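# Structure at a glance
Residues per chain are reported as follows:
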Amino acid sequence: MGGKPLAETDPEAWQTVGPSAIPFAPGWPAPKAADRSDLDRLRGAFVEAAQRACRAGFDLVEVHGAHGYLLHEFLSPLANQRTDEYGGSLENRMRFPLEVLRAVRQAVGQDMPLGMRISATDWVDGGFNPDEAVRFVAAAKAEGVDYVCVSSGGMAPQGLPPVASGGIAPGYQVPFADRIRRETGMTTRAVGLIVEPRQAEAIIAEGRADFVALARAFLDDPRWVWHAADTLGASAVAPCPPQYRRARPEQWPGAGMRALADAAARA
Ligand SMILES: Cc1cc2nc3c(=O)[nH]c(=O)nc-3n(C[C@H](O)[C@H](O)[C@H](O)COP(=O)(O)O)c2cc1C
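These notes cover the structure that comes with them. (Residues numbered from 1 in each chain as written. Predicted model: local features only at pLDDT ≥ 70, side-chain atom pairs only at ≥ 80, totals over all residues. Heavy atoms only, no water.)

Secondary structure assignment for the protein yields nine helices and seven strands. With respect to the three principal axes, the spread of C-alpha positions in the protein is 65 × 45 × 45 Å. Residues classed as buried in the protein amount to 41% of the 267 residues present. For the protein, the share of sequence-separated contacts (at least 6 apart) that also reach a separation of at least 24 residues comes to 60%. About 14900 Å² of surface is accessible on the protein, with carbon and sulfur atoms providing 55% of the total. Charge separation in the protein, taken as the distance between the mean sites of 28 positive and 32 negative side-chain charges, equals 4 Å. (Helix = DSSP H or I, 4+ residues; strand = E, 2+ residues; numbered from the N terminus. Buried < 20%, exposed > 50% of the residue type's maximum accessible area, 1.4 Å probe, protein only. Contact = heavy atoms within 4.5 Å. Areas by Shrake-Rupley, 256 points an atom, 1.4 Å probe, with all protein chains shown as cover. Lys, Arg positive; Asp, Glu negative; His and termini not counted. Charge placed at Lys NZ, Arg CZ, Asp CG, Glu CD.)

Let's shift gears to the site of the ligand. The ligand sits among His64, His67, Arg117, Val191, Gly192, Leu193, Leu214, Ala215, Arg216 and Leu219. Note that an oxygen atom of the ligand is positioned 2.6 Å from one of the side-chain N or O atoms of His64. The backbone of Ala215 places a nitrogen or oxygen atom 2.8 Å from an oxygen atom of the ligand. Look at the ligand: alone it shows 610 Å² of surface, and the protein chains cover 58% of it. Residues belonging to the shell around the ligand are distributed by class as follows: five nonpolar, three polar and two charged. (Near = heavy atom within 4 Å. Polar contact = N/O pair within 3.5 Å; in protein donor to acceptor, adjacent residues only side chain to side chain. Nonpolar A, V, L, I, M, F, W, Y, C, P; charged D, E, K, R; others polar.)

If you look at the biggest cluster of nonpolar residues, it comprises 52 residues, and the most contacted ones within it are Val61, Phe96, Leu101, Val104, Met116, Phe136 and Ile180. Here this core takes nine residues from helix 3 (residues 90–108), the largest share from any one element. Apart from residues lying up to four places away in sequence, Ile180 is in contact with Ile118, Ala120, Ala133, Val134, Val137, Val148, Val150, Gly185, Met186 and Thr188. (Core = buried A, V, L, I, M, F, W, Y, C linked by side-chain atoms within 4.5 Å.)

Once that is clear, we can look at unusual backbone geometry. One non-glycine residue, His67, lies in the positive phi region at around 55°. You can see His67 is positioned in the loop between strand 3 (61–65) and helix 2 (70–75). Despite not being glycine, Leu193 has its phi angle at roughly 50°, a positive value. Along the polypeptide, Leu193 turns up in the loop between strand 6 (187–191) and helix 6 (197–205).

The geometry of helix 1 (residues 36–55) relative to helix 3 is characterised by a closest axis approach of 9 Å and an angle of 35° between their N-to-C directions. As helix 1 packs across helix 3, the resulting crossing turns out to be right-handed. From helix 1, Arg36, Leu39, Leu42, Arg43, Phe46, Val47, Ala50, Gln51 and Cys54 reach across to helix 3, where they touch Phe96, Glu99, Val100, Ala103, Val104, Ala107 and Val108. Class assignment of the residues belonging to the contact of helix 1 with helix 3 gives a composition of twelve nonpolar, one polar and three charged. (Axes fitted to C-alpha atoms, helices over the stretch in contact; angles between N-to-C directions. Left-handed = near helix turned anticlockwise from the far one by under 90°.)

Let us now look at helix 6. The periodicity of an α-helix, 3.6 residues per turn, causes residues three or four positions apart to be oriented the same way. What helix 6 keeps buried is the set Pro197, Ala200 and Ile203. Angular distribution of buried residues about the axis of helix 6 spans 130°; they occupy a single face of the element. For helix 6, the exposed residues lying more than 90 degrees away from the buried face are Arg198 and Ala205. The elements touched by buried residues of helix 6 are helix 5 (174–184), strand 6, strand 7 (211–213) and helix 8 (224–232). A positive backbone phi angle near 70° is found at Gly207, which sits one or two residues after helix 6. (Arc of directions from axis to C-beta.)

This brings us to the packing of helix 6 against helix 8. Between helix 6 and helix 8, the least distance of the axes is 9 Å, while the angle of their chain directions is 80°. Between helix 6 and helix 8, the crossing angle belongs to the class labelled roughly perpendicular. Two secondary-structure elements touch here, helix 6 through Pro197, Arg198, Ala200 and Glu201 and helix 8 through Trp224, Ala228, Thr231 and Leu232. Of the residues belonging to the contact of helix 6 with helix 8, the class tally is five nonpolar, one polar and two charged. (Parallel < 35°, antiparallel > 145°, perpendicular 65-115°, else oblique.)

Take the environment of Arg41 next. Looking at the secondary structure, you find Arg41 in helix 1. Given a relative accessible area of 47%, Arg41 falls into the partly exposed group. Within the structure, the side chain of Arg41 is placed 3.2 Å from the side chain of Asp38, a separation counted as a polar contact.

Now the structure itself:
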């Protein structure tokens, strides 16, 4: 809450579980290192969550393996310092995430699109990195994963893209999606500071990813898709409820005024 852990005395606090008993940062509570029964329970929890998603009518299931969450922790040598068959080499660190993917694929059936979100790098020396991400995605593909959403970071507080290489710049995670797509043939989704319609379009048109996802641009503008269609000259790509049609360019001259004003200000 508020970017900090719950106090251990907080009645709502719970015992977290991870590959190793290593806290996220100094002052954070250490998770319990998962034992055999924890691994079985956790794999089962992923399966049950996927089954609930199917029952609820979702059109796809996406397993979260990014941003320092459990499966990312297993992949990362920073969080995973196990000495059993689930730690050490990349092959061992991939073992639990791949077991989860196998179990989820089996549970949801072959026809349900199955994706995974990954962090392609921890942005920390000695952490999970793009070379390992390529090898992991190839193995995930063999388990029947249909696409990956390529994000980054979340493993360590200092794990941020270096300012020297551009920092958090527009599309800063796209190169990872691009590389994974080229080297594994996996369908990829690019994400992260994709804001402008032409920027989003270029990523797809240049074959750097198969699709894109936007978060904050949609918080800023819930009608982003309509406005992108206007910018790119596409005909209606999303259903427009009748009560909104009066504000669309076909019926409202004001729709183009902001763009015109921006262009005039720049001229
Ligand atoms: C309010 C908010 C909540 C988010 N929650 C999650 C989350 O629960 N899981 C996750 O993987 N990413 C989460 N994200 C990250 C987004 O999925 C996305 O990767 C990130 O915002 C970068 O994309 P953007 O530049 O288009 O916003 C969240 C982002 C925002 C703004």
